[in-house]
Amino acid sequence: VAIAENKAKCRIKEVVVSLSGFQFKSHFLNSKIGWNFEKNITFKDIEHCTKRIPIQKHINIDDYSVIHIIPIKYIIDGKKEVVNPLNLSASTLKIIYHIIVVDSLMMNDVIDAVKKTNLKVKDVVANSYASGLSSLVDDDRRVGSMIIDIGKSSVSVGVFFENNFIYTFSSP
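Described below are features of the structure shown in this document. (Residues numbered from 1 in each chain as written. Predicted model: local features only at pLDDT ≥ 70, side-chain atom pairs only at ≥ 80, totals over all residues. Heavy atoms only, no water.)

Description of the overall build of the protein chain
Logical step 1: The helix and strand tally for the protein chain stands at six helices and nine strands.
Logical step 2: A total of 172 residues make up the protein chain; the buried ones form 39% of that total.
Logical step 3: In the protein chain, the proportion of contacts linking residues at least 24 apart, taken out of those at least 6 apart, comes to 66%.
Logical step 4: Summing over all exposed atoms, the protein chain offers an accessible surface of approximately 10,500 Å²; the carbon and sulfur share of this is 52%.
Logical step 5: In the protein chain, the 22 positive side-chain charges and the 18 negative ones have mean positions that sit 4 Å from each other. (Helix = DSSP H or I, 4+ residues; strand = E, 2+ residues; numbered from the N terminus. Buried < 20%, exposed > 50% of the residue type's maximum accessible area, 1.4 Å probe, protein only. Contact = heavy atoms within 4.5 Å. Areas by Shrake-Rupley, 256 points an atom, 1.4 Å probe, with all protein chains shown as cover. Lys, Arg positive; Asp, Glu negative; His and termini not counted. Charge placed at Lys NZ, Arg CZ, Asp CG, Glu CD.)

Shown next, in the form of structure tokens:
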């Protein structure tokens, strides 16, 4: 850290930790909200729908930590799939999410190690997600691509399709 600070001539206070080689798991859950009338969908409606995801019903949150909640499909009025529902008129909104979890104990060990260097952990990301966002162009993510991170003792895979990060897994 000191070498990076010296070269950049600035003080690093917080970092984003990219996890690689962990036992990631992908889950697909949906949430739906509705109104008794048609209304224009707002950002608050999308936030409300996200807060209603039944994570605890489907994921053992005692052993796993959610690191990403990625909306991959928006469906309005039960039938029309849209890219972005903001400001569209509808009486229902359903969102399908890609939920990425990681073993809590392993993740917390990494976070604790980073904190010992007096750095604040701003966020945690799956390496395959970060790699795909940084190395794939829009067309690659749209038509479908797979990111494969091959390490000494593990392999992490991430899949992009229709501009969405739709699946990840890793194995030792």
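Next comes the rest of the description.
Remarks on the nonpolar core
Note on soluble globular proteins: their nonpolar side chains tend to be buried together.
Logical step 1: If you look at the biggest cluster of nonpolar residues, it comprises 21 residues, and the most contacted ones within it are Leu-19, Phe-24, Ile-67, Val-102, Met-107 and Val-124.
Logical step 2: Elements represented by at least two residues in this core include exactly β1 (14–19), β3 (64–76), β5 (89–103), α4 (104–115) and β6 (120–126).
Logical step 3: With sequence-adjacent residues up to four places away left out, Met-107 is seen in contact with Leu-19, Phe-22, Ser-65, Ile-67, Val-102 and Val-124.
Logical step 4: By size, the runner-up hydrophobic cluster in this structure holds 19 residues, among which are Trp-35, Ile-46, Ile-59 and Ile-99. (Core = buried A, V, L, I, M, F, W, Y, C linked by side-chain atoms within 4.5 Å.)

A closer look at the pattern of salt bridges
Logical step 1: By the definition in use, this model includes six salt bridges.
Logical step 2: Of the charged contacts, one joins Asp-45 and Lys-39 as a salt bridge, the two residues approaching to 2.6 Å between their closest N and O atoms. As far as the burial class goes, Asp-45 and Lys-39 line up, both buried.
Logical step 3: Close ionic contact of Arg-142 with Asp-139 constitutes a salt bridge, the shortest N to O distance being 3.3 Å. Pair noted here: Arg-142 and Asp-139 are both in helix α6 (residues 138–143), with a separation of three residues, about one helical turn. (Salt bridge = Lys/Arg side-chain N within 4 Å of Asp/Glu carboxyl O.)

Details of the sheet that holds β5
Logical step 1: In spatial order, the strands read β2-β5-β3-β4; together these four strands make up an open sheet with antiparallel pairing. Lying at the two open borders of the sheet, with one neighbouring strand each, are β2 (25–40) and β4 (80–82). Averaged over all pairs of adjacent strands, the angle between strand axes in this sheet comes to 35 degrees, irrespective of strand direction.
Logical step 2: Relative to β4, β3 is paired through three bridges, and the arrangement is antiparallel. (Pairing = 2+ DSSP bridges. Axes fitted to C-alpha atoms, helices over the stretch in contact; angles between N-to-C directions.)

A closer look at a nonpolar patch on the surface
Logical step 1: There is a patch of nonpolar side chains on the surface, built from Phe-28, Tyr-167 and Phe-169 and spanning about 270 Å² of accessible area.
Logical step 2: Its location among the elements puts Tyr-167 in strand β9 (residues 164–171).
Logical step 3: Residue class for Tyr-167 comes out partly exposed when judged on its relative accessible area of 36%. (Patch = residues over 30% accessible without salt bridge, like charges linked within 9 Å, V, L, I, M, F, W, Y side chains within 5 Å.)

Details of the side chain of Ser-156
Logical step 1: Among the secondary structure elements, Ser-156 is positioned in strand β8 (residues 155–161).
Logical step 2: A residue is classified by how much of its surface remains accessible, and Ser-156, at 2% relative accessible area, is buried.
Logical step 3: Those residues in contact with Ser-156 that sit more than four places away from it in its chain are Ser-20, Gly-21, Phe-24, Ile-147, Ile-148, Asp-149, Phe-169 and Ser-170.

Quick word on the pairing of strand β7 (residues 145–150)
Logical step 1: Here β7 pairs with β8 via six bridges, running antiparallel. Bridge pairing links Asp-149 to Ser-156 in β8.
Logical step 2: Counted along the chain from β7 to the antiparallel partner β8, the turn is four residues long.

A few points about unusual backbone geometry
Logical step 1: Even without being a glycine, Asp-77 presents a positive backbone phi close to 55 degrees.
Logical step 2: Tracing the backbone shows Asp-77 in the loop between β3 and β4.
Logical step 3: A positive phi angle is found at Asn-87, which is not glycine, with a value near 70 degrees.
Logical step 4: Within the secondary structure layout, Asn-87 lies in the loop between β4 and β5.
Logical step 5: Exposure remark for Asn-87: the relative accessible area of 61% places this residue in the exposed category.

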